[in-house]
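An overview of the molecular structure
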Amino acid sequence: MLIFREEIAITSPIRFVRDDILKLTPYMPSKESCDIKLDANESPYDVPIEIKERIWKRLQDEHFNYYYDPSCDELRESLSRYTGVKPDQIFVGSGGDEIINDIIMAFAGPDRDVIIPAPTFSSYEIFATVAGSNVIITPIVREQKYGKEIWDLNTQQIKKHFTKDEPQLMFLCYPNNPTGDYFDEEKVIDLINNFNGIVAVDEAYFEFGGKTFTDRLSDYPHVIVIRTFSKIFSLAGLRVGYAIGHEDIIKQLYKVKLPYNVSLFSQIAAVEILKEMDWFKNTQSKFIKAREQLKKGLETINGLKVYPSSTNFFLCELEKCRDMVYEELLKRGILTRCLGDDALKNTLRFCIGTPEQNEILLSYLREIMS
Ligand code: PMP
């Protein structure tokens, strides 16, 4: 709820809050109870019990009374093998969210510009506002490409905000949440080449699409890549994310991070999960197959347009009122997500579930849309 300063009683402790914080709405995801949870782009597959048992076993030998490794050395070694970059090019945080916040703290902060092509992941704008940065939102656009409608960057508009005077920070979500697919690669590279500042390329959904900037960091030392264990690795509840970049950029992030930001439990779980490459590849192919099947099914539903996806979710444009469709799905036990942005007012986002869950979703959507 928006509160205006004039409405605050002079005795209320809220009077001490900053003006810019007063205007914000807290990030509070839905807690609706449901049978099938498709609202938060999580994995429907929990970590298998054999892997959990290996994690418990290691935890039993650890000291809970001591602080755990603040620089996540073992995990950075494992990540180095997984990503092919040096451990010194990796920084670990408590989820991709914390990485986004740390990048803003180190490279933006008060009065610096943060450029955000949107609709996109909401944390960039929220954290940049909290940091007192000058947030510049530039709309992404719908375009026809290969006979399909897609969402892409409007590079001309974005470049109008580029300045050579002060360093800036820009976020590019690649592939983009919530629209679901990659922006045109040439446009991304054109922006990176012309930018006077850090470009944070958010690859939270990398494992579902496969494109990355981690192998081009020597060409683009001002790019920092953001990744997470919350999606394909099924560790959303444990909060582990990481950044990959030039060693000198990575060193700056250690200056702004919270001292013991990644718990003992989270570090060990992430190390153990990275040993499970067969499980990982199997999960990856299950998702890719399910995505194809779900897309085919969605394309047969009247009054529903599905945008291309290189992620574990779909954004759909609906001819019927989307709030009605959301409510009807919820009544039937399926939780999806309505995004607040004006450009998305007739859209619904849902993630890919198990094949069984996807079939149930399709049958209810057919029923509701008919
Ligand atoms: N980036 C993007 C694009 C996301 O969609 C998300 C989570 N949905 C994150 C970062 C943050 O993920 P986490 O904090 O769970 O690692």
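Residues numbered from 1 in each chain as written. Predicted model: local features only at pLDDT ≥ 70, side-chain atom pairs only at ≥ 80, totals over all residues. Heavy atoms only, no water.

A separate point is the site of the ligand. Taken together, 13 residues are adjacent to the ligand, and Gly-96, Asp-202, Thr-228, Ser-230 and Arg-239 come closest. A distance of 2.8 Å separates an oxygen atom of the ligand from a polar side-chain atom of Asn-177. A distance of 2.7 Å separates an oxygen atom of the ligand from a polar atom in the side chain of Arg-239. When the ligand sits alone it has 400 Å² of accessible area, and the protein chains cover 92% of it. (Near = heavy atom within 4 Å. Polar contact = N/O pair within 3.5 Å; in protein donor to acceptor, adjacent residues only side chain to side chain. Areas by Shrake-Rupley, 256 points an atom, 1.4 Å probe, with all protein chains shown as cover.)

Let's shift gears to the nonpolar core. If you look at the biggest cluster of nonpolar residues, it comprises 89 residues, and the most contacted ones within it are Leu-75, Phe-213, Phe-229, Leu-298 and Phe-350. Leave out the neighbours within four places in its chain, and Phe-350 touches Leu-38, Leu-294, Leu-298, Phe-313, Phe-314, Cys-316, Thr-336, Leu-361 and Leu-365. Judged by nonpolar contacts, the second largest core, of 23 residues, contains Ile-103, Ala-128, Ala-131 and Leu-253. (Core = buried A, V, L, I, M, F, W, Y, C linked by side-chain atoms within 4.5 Å. Buried < 20%, exposed > 50% of the residue type's maximum accessible area, 1.4 Å probe, protein only. Contact = heavy atoms within 4.5 Å.)

The next point concerns the sheet that holds strand β8 (residues 197-202). Strand order in the open sheet made by the seven strands is β2-β10-β9-β8-β7-β3-β4, with mixed pairing throughout. Of all strands in the sheet, those with a lone pairing partner are β2 (90-93) and β4 (134-139), marking the two edges. The mean angle between the axes of side-by-side strands here comes to 20°, regardless of whether they run parallel or antiparallel. Across two bridges, the pairing between strand β3 (residues 113-118) and strand β7 (residues 168-173) is parallel. Residue pairing for β7: Ile-115 is matched across the bridge by Met-170. Sitting on the sheet, helix α5 (residues 123-130) touches β3, β4, β7 and β8, and the angle it makes with β4 is about 155°. (Pairing = 2+ DSSP bridges. Helix = DSSP H or I, 4+ residues; strand = E, 2+ residues; numbered from the N terminus. Axes fitted to C-alpha atoms, helices over the stretch in contact; angles between N-to-C directions.)

Mapped onto the fold, Thr-129 is located in helix α5. Polar contacts involving the side chain of Thr-129 include one to the main-chain carbonyl oxygen of Glu-125, which spans 2.6 Å. The contacts of Thr-129, once residues within four sequence positions are left out, are Arg-18, Asp-20, Leu-24 and Val-135.

Turning our attention to the environment of Pro-355. Within the element layout of this structure, Pro-355 appears in helix α13 (residues 355-369). A relative accessible area of 37% places Pro-355 in the partly exposed class. Taking the C-alpha atoms as reference points, Pro-355 and Gln-293, separated by 62 residues in sequence, lie 8.4 Å from one another.

Turning to unusual backbone geometry, a few remarks are in order. Of the consecutive residues Ala-118 and Pro-119, the connecting peptide bond is found in the cis state with omega at 10°. Between Asn-177 and Pro-178 the backbone carries a cis peptide bond, its omega angle lying at 20°. Note on placement: Pro-178 falls in the loop between β7 and α7 (185-193). Here Asn-41, not a glycine, exhibits a phi torsion of approximately 55°, which is positive.

Each assigned domain of the chain is listed here: domain 1 (31-47 + 278-369) and domain 2 (49-273). There are four salt bridges connecting domain 1 and domain 2. Taken together, the links from domain 1 to domain 2 amount to 16 residue pairs in polar contact (both at pLDDT 80 or more). Among the secondary structure elements, those contributing two or more residues to the side of domain 1 that touches domain 2 are α11 (277-299) and β12 (313-318). Among the elements that make up the side of domain 1 that touches domain 2, the one with the highest residue count is α11 (seven residues). Tallied by class, residues from the side of domain 1 that touches domain 2 come to 13 nonpolar, eight polar and eight charged. (Domains from an automatic or database assignment. Salt bridge = Lys/Arg side-chain N within 4 Å of Asp/Glu carboxyl O. Nonpolar A, V, L, I, M, F, W, Y, C, P; charged D, E, K, R; others polar.)

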